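# Summary of the model geometry
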Amino acid sequence: METLGVVMNGVTGRMGYRQHLVRSILAINEQGGVELSGGRRVRLRPVLVGRSAAKLEAIAARHGIPDWTTDLGAALADDRTTVYFDAQTTNARVAAVTRAIEAGKHVYVEKPTAETLADALALARAAREAGVKNGVVADKLFLPGLLKLRRLIDGGFFGRILSVRGEFGYWVFEGDWQAAQRPSWNYRAEDGGGIALDMFPHWAYVLENLFGGIEAVTARAVTHIEERVDEHGRPYKVTADDAAYAIFELAGGVIAQINSSWAVRVNRDELVEFQVDGTHGSAVAGLRRCRVQHRSATPMPVWNPDLPVTEPFRDQWQEVPDNAEFGNGFKTQWEMFVRHVVDDAPFPYDLASGARGVQLAELGLRSSAEGVRVEVPPITSGVGA
Ligand SMILES: NC(=O)c1ccc[n+]([C@@H]2O[C@H](COP(=O)([O-])OP(=O)(O)OC[C@H]3O[C@@H](n4cnc5c(N)ncnc54)[C@H](O)[C@@H]3O)[C@@H](O)[C@H]2O)c1
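Quick notes on the rules
Residues numbered from 1 in each chain as written. Predicted model: local features only at pLDDT ≥ 70, side-chain atom pairs only at ≥ 80, totals over all residues. Pairing = 2+ DSSP bridges. Helix = DSSP H or I, 4+ residues; strand = E, 2+ residues; numbered from the N terminus. Contact = placed C-beta atoms within 7 Å. Axes fitted to C-alpha atoms, helices over the stretch in contact; angles between N-to-C directions. Buried ≥ 20, exposed ≤ 12 C-beta atoms within 10 Å, placed from the backbone. UniProt positions renumbered as here; feature names shortened; annotations may be inferred.

### Regarding the sheet that holds strand 15 (residues 281-285)
- Read across the sheet, nine strands follow the order 17-16-15-14-8-13-12-9-18 without closing on themselves; strand pairing throughout is mixed. Single-partner strands in this sheet number two, and they are strand 17 (318-319) and strand 18 (374-375).
- Sheet topology places strand 8 (residues 161-169) next to strand 13 (residues 255-261); seven bridges connect them, and they run parallel. Residue pairing in the sheet places Gly169 in a bridge with Ser261 of strand 13.
- Across the sheet, helix 6 (residues 144-154) touches strand 14 (272-278), strand 15 and strand 16 (290-294), and the angle it forms with strand 15 is around 165°.
- Of the strands in this sheet, strand 9 (214-222), strand 12 (243-250) and strand 18 touch helix 9 (residues 351-370), which is tilted by about 60° from strand 9.

Rendered as structure tokens:
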């Protein structure tokens, strides 16, 4: 069986360890590798890279992984490694991925691909010029709820889609009387934090893949909680936005409104939900579930504040069945990227699409700072902007 060497940087972090190493790479090997065309299979050989030898050694021992190093250069110089993967904090991404491209590795990276549009475009162009395969994580598209939404769109359920309303967020504890459940760098702009930079890249690929390219953004990003307490119990000043309220105008006239907040308490069924309204029907999709209401089953509410609510509105929606087994989305996308590298299978989520995500964050923040609507110039896979 073929083996593909994958340098994995950032595996001591939340995403790098759990979603990418354990639930993707190791899970793929447990199932016997990635199936390629003609029934061939390829196994993955992870080479763990990071700054802390102790942490890497512990992870390697826990999972029986022979190869780890604190020397990124050495891992990249090894011609038995073919792919470089990066799940470091965002501000460490560009330098490391650039080195990997220069070493001729195919690169697959977490989002956002960079902190600025200029850097994200430079990275996409560098990969293109070097002729290396490149990709960015677009995990939300592989969530069961969004796969069901895709199925409804493909089946013509909605008629003409009018609007999308997304609600993302939950209360992230300040860290004083209860520990914060997210790393503190997320709340410091100087360390690559901020909810617009974190979440708008997700909304960019979700919207463009399901509903249409984004043509304009109007956003207001704010810092609701001004002081938090870090992993060491030290108070720090929050310098990044922790909520962003945005309107995205899409090609074809669809209006998408998405609220993203780490300072909101959940009164929803899931941590993210999208309501899609179309002329023939509507849907509410979350991470896993998706419910629909067809035009033929739409009630006729009449506004009368003098009377109690007469309709059980939530009960009037119908559950979309699974009709399939949904695997881990990160793993599914890893399998796609491996087939892209080894078999030249298509992989639409390239660094140019990653740059569109960073662009949306940058233009959203500009819209907020200047109090204006900002048009979004197209960025193509040839990375012309
Ligand atoms: N796809 C998703 O749904 C999703 C979700 C969360 C985070 N992310 C992205 O994944 C990346 C990592 O996020 P996380 O939540 O796992 O963070 P984390 O803080 O848990 O992990 C960060 C990793 O980077 C390393 N690191 C930290 N500072 C560094 C520095 N200065 N130089 C080099 N390495 C450094 C850490 O050792 C760790 O391995 C971020 O870019 C984030 O935007 C993606």
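### So, helix 6
- Regarding helix 6, the residues found buried are Pro144, Gly145, Leu146, Leu147, Lys148, Leu149 and Leu152.
- Looking at the packing, one finds that the buried side of helix 6 touches helix 7 (195-210), strand 14, strand 15 and strand 16.
- Positive phi shows up at Gly156, right after helix 6, with a value of about 75°.

### A word on the UniProt feature "domain: GFO/IDH/MocA-like oxidoreductase" (unreviewed entry) in the protein chain
- With numbering matched to this structure, UniProt assigns "domain: GFO/IDH/MocA-like oxidoreductase" (unreviewed entry) to residues 147-283.
- Along residues 147-283 the backbone is 18% helical and 36% strand, and the end-to-end C-alpha distance reaches 13 Å.

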